[in-house]
Amino acid sequence: RVRTAVAAMAKSDDLDTIVEQVRTGLQALEVSTHGVGINVVDEEQGIVFQRTTMGVQQTTLKLFNEEPASAPWYPKWKSGETWLRSASATEISAAVAAGGLDLDAQPDLTRRLIERSAREGITVVDAPFEHGTLAANRHGVDAFSDADVALIERFALVFGLGYRRYLELDAAEQRARQ
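Cut-offs and rules
- Residues numbered from 1 in each chain as written.
- Predicted model: local features only at pLDDT ≥ 70, side-chain atom pairs only at ≥ 80, totals over all residues.
- Heavy atoms only, no water.
- Buried < 20%, exposed > 50% of the residue type's maximum accessible area, 1.4 Å probe, protein only.
- Helix = DSSP H or I, 4+ residues; strand = E, 2+ residues; numbered from the N terminus.
- Pairing = 2+ DSSP bridges.
- Phe/Tyr/Trp six-rings, centres within 6.5 Å; stacked < 30°, edge-to-face > 60°.
- Lys NZ or Arg CZ within 6 Å of the ring centre and 35° of its normal.
- Contact = heavy atoms within 4.5 Å.
- Core = buried A, V, L, I, M, F, W, Y, C linked by side-chain atoms within 4.5 Å.
- Axes fitted to C-alpha atoms, helices over the stretch in contact; angles between N-to-C directions.
- Parallel < 35°, antiparallel > 145°, perpendicular 65-115°, else oblique.
- Left-handed = near helix turned anticlockwise from the far one by under 90°.
- Nonpolar A, V, L, I, M, F, W, Y, C, P; charged D, E, K, R; others polar.
- Salt bridge = Lys/Arg side-chain N within 4 Å of Asp/Glu carboxyl O.

Asks: Explain the pairing of strand 5 (residues 122-129) to me, please; I cannot follow it from the model alone.
Replies: Regular strands place their side chains on alternate faces of the sheet. Among the eight residues that make up strand 5, eight are buried, leaving the element largely enclosed by the rest of the structure. Direction of pairing for strand 4 (residues 83-87) relative to strand 5: antiparallel, over a ladder of five bridges. The partner of Leu84 across the bridge, within strand 5, is Val125. Here strand 5 runs beside strand 6 (residues 132-139); their pairing, made up of eight bridges, is antiparallel. Following the sheet pairing, Ile122 is matched in strand 6 by His139. Here strand 5 folds back onto strand 6, and the loop between the two strands holds two residues.

See the structure below:
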């Protein structure tokens, strides 16, 4: 399904449907996730664009080489490594408290995700592709099996093809506007 959706892309905005197809495809293969998204890195500008099944956001990071702690996944992505990590409910609660995060000021979906993670913990996997990572998360500690991670890595490779197609379509759209 994901490859078919990639091949059917007619405009750059179709990339969002690919993210949803990845989530649906993983579920069809019995890899349940709470969320799926992509992190696309623009190293020249120090920017990461995040597209998730919940929308698009842009995050500006500090220069990666100067402060790698601001993006701990960055060295793993640069080396082509998948990064699998879990945080317990206690760790999530402590991070929320330490960060002074006002849950009431968060959008409802974000607030519910944080609250559930603070009760159950969360596991996140970032699988690399040429321009970023495909990220998936699931509530609970150590929630992804090795087989789940392998499937997510395969989907990242296919998504990488989709992102390359997105770049081609975006460039063609920009040329047509000129």
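Additional details are given in the paragraphs that follow.
Asks: How should I be thinking about the packing of aromatic side chains in this particular structure?
Replies: Think of a pair of aromatic rings as described by two things: how far the centres are apart, and how the planes are tilted against each other in angle. Applying the stated criterion to the full structure yields two aromatic pairs. Ring centres of Phe129 and Tyr163 lie 6.1 Å apart, and the angle between their planes is 55 degrees; this geometry places the pair in the tilted category. On the criterion of sequence distance, the pair formed by Phe129 in strand 5 and Tyr163 in helix 6 (residues 146-177) is long-range, its members being 34 residues apart. What makes Tyr163 buried here is its relative accessible area of 9%. Here the aromatic residues Phe129, Phe159 and Tyr163 are joined through ring pairs into a cluster of three or more. The cationic tip of Arg85 hangs over the ring face of Trp83; the distance from NZ or CZ to the ring centre is 3.8 Å.

Asks: Just checking my understanding: could you explain the environment of Glu130 for this structure?
Replies: Considering the arrangement of structural elements, one finds Glu130 in the loop between strand 5 and strand 6. Classification of Glu130 by relative accessible area gives exposed; the value is 54%. Not counting chain neighbours up to four residues away, the residues in contact with Glu130 comprise Trp77 and Arg164.

Asks: Sorry, what's going on with the nonpolar core here?
Replies: Most often, soluble globular proteins keep nonpolar side chains buried together rather than apart. In this structure, Leu15, Val22, Leu134, Ile152 and Phe159 are the most contacted members of the largest nonpolar core, which totals 27 residues. When residues of this core are traced back to their parent elements, those giving at least two are helix 1 (2-8), helix 2 (15-28), strand 1 (35-42), strand 5, strand 6 and helix 6. Here this core gets nine residues from one element, more than from any other, and that element is helix 6. Sequence-distant contacts of Ile152, defined by excluding residues within four places in its chain, comprise Leu26, Val31, Val125, Ala127, Leu134, Ala136 and Phe144.

Asks: Mind showing me how you'd approach the packing of helix 2 against helix 6 here?
Replies: To describe two helices that pack against each other, one gives the angle between their axes and the distance between the axes. Two elements in contact, helix 2 and helix 6, have axes separated by 11 Å at closest approach and are oriented at 165 degrees. Judged by the angle between their axes, helix 2 and helix 6 are roughly antiparallel. The element helix 2 and its partner helix 6 pack so that their crossing is right-handed. In this structure, helix 2 uses Leu15, Ile18, Val19, Val22, Gly25 and Leu26 to contact helix 6, whose residues at the interface are Leu151, Ile152, Phe155, Phe159, Gly162, Tyr163 and Tyr166. For the contact of helix 2 with helix 6, the per-class residue count stands at 11 nonpolar, two polar and no charged.

Asks: Any chance you could explain the pattern of salt bridges here in plain terms?
Replies: Working definition: two side chains of opposite charge can pair if their charged atoms are close together. The final tally for this structure, using the stated rule, is five salt bridges. Note that Arg116 is salt-bridged to Glu120, the shortest N-O span being 3.0 Å. Residue Arg116 and its partner Glu120 are located together in helix 5 (residues 108-120), separated by four residues, close to a single helical turn. For Glu120, a relative accessible area of 35% corresponds to the partly exposed category. Linking Arg164 and Glu130 is a salt bridge whose minimum nitrogen-to-oxygen distance equals 3.7 Å. Taken together, the residues span a long stretch of sequence, with Arg164 in helix 6 and Glu130 in the loop between strand 5 and strand 6 at a distance of 34 residues. Exposure remark for Arg164: the relative accessible area of 40% places this residue in the partly exposed category.

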